[in-house]
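Chain by chain, the residues run as shown.
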Amino acid sequence: QAAAPMNIERMSAKIRAALIAQCQAGNKPWSEADIIAFVNGLKAEIQQFVLRQGMPEPDIVQWAILAWTSAHPRLGDREFCFHFNDIIRTDNAEALRHLMPYILTLNK
């Protein structure tokens, strides 16, 4: 059975799971609530940007790019791209497993 197509909600859940795994493995000081608020804030920031720019609703690839380039919100005073790179840098297999759909989407 083929996997369901990736959408913003599924992608957000994958990002959230990757950050939770990274937090647990690296003794990061964030709570799960902090991570949930960060991912929800990222989604809101992208939506607000799209509306301000008068852009059409982004597809999943465009959304992944907007998430990568977003300077806000911040988790532990760092933007999403820092945490993405931190997961790769630390080679956290569990976090990478969750982040892989985002990586594949970003590289389309």
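Here, every reference points to the structure presented above.
Computed from a predicted model, the values in this text were never measured in an experiment.

Further remarks concern the nonpolar core. Ranked by size, the top nonpolar core spans 28 residues in total, and within it Ile15, Ile35, Phe80 and Tyr102 carry the most contacts. For this core, the elements supplying multiple residues, two or more each, are α1 (8-26), α2 (32-53), α3 (60-69), α4 (80-90) and α5 (93-106). Dropping the residues within four chain positions of it, isoleucine 35 is found in contact with Arg16, Leu19, Ile20, Cys23, Trp30 and Leu75.

Glancing now at the packing of aromatic side chains. A full pass over the atoms with the stated rule returns 4 aromatic pairs. For the ring pair tryptophan 68 and phenylalanine 84, a centre distance of 4.8 Å and an interplane angle of 80 degrees mean the geometry is edge-to-face. Remark: phenylalanine 84 occurs in helix α4 and tryptophan 68 occurs in helix α3; sequence separation between them is 16 residues. Aromatic ring contacts, followed pair by pair, group Trp68, Phe80, Phe84 and Tyr102 into a single cluster. Lying over the aromatic face of phenylalanine 82, arginine 78 brings its terminal NZ or CZ to 4.3 Å of the ring centre. We note arginine 89 situated over the ring of phenylalanine 82; from NZ or CZ to the ring centre the distance is 5.5 Å.

What counts, and where the lines are drawn
- Residues numbered from 1 in each chain as written.
- Predicted model: local features only at pLDDT ≥ 70, side-chain atom pairs only at ≥ 80, totals over all residues.
- Heavy atoms only, no water.
- Core = buried A, V, L, I, M, F, W, Y, C linked by side-chain atoms within 4.5 Å.
- Buried < 20%, exposed > 50% of the residue type's maximum accessible area, 1.4 Å probe, protein only.
- Helix = DSSP H or I, 4+ residues; strand = E, 2+ residues; numbered from the N terminus.
- Contact = heavy atoms within 4.5 Å.
- Phe/Tyr/Trp six-rings, centres within 6.5 Å; stacked < 30°, edge-to-face > 60°.
- Lys NZ or Arg CZ within 6 Å of the ring centre and 35° of its normal.

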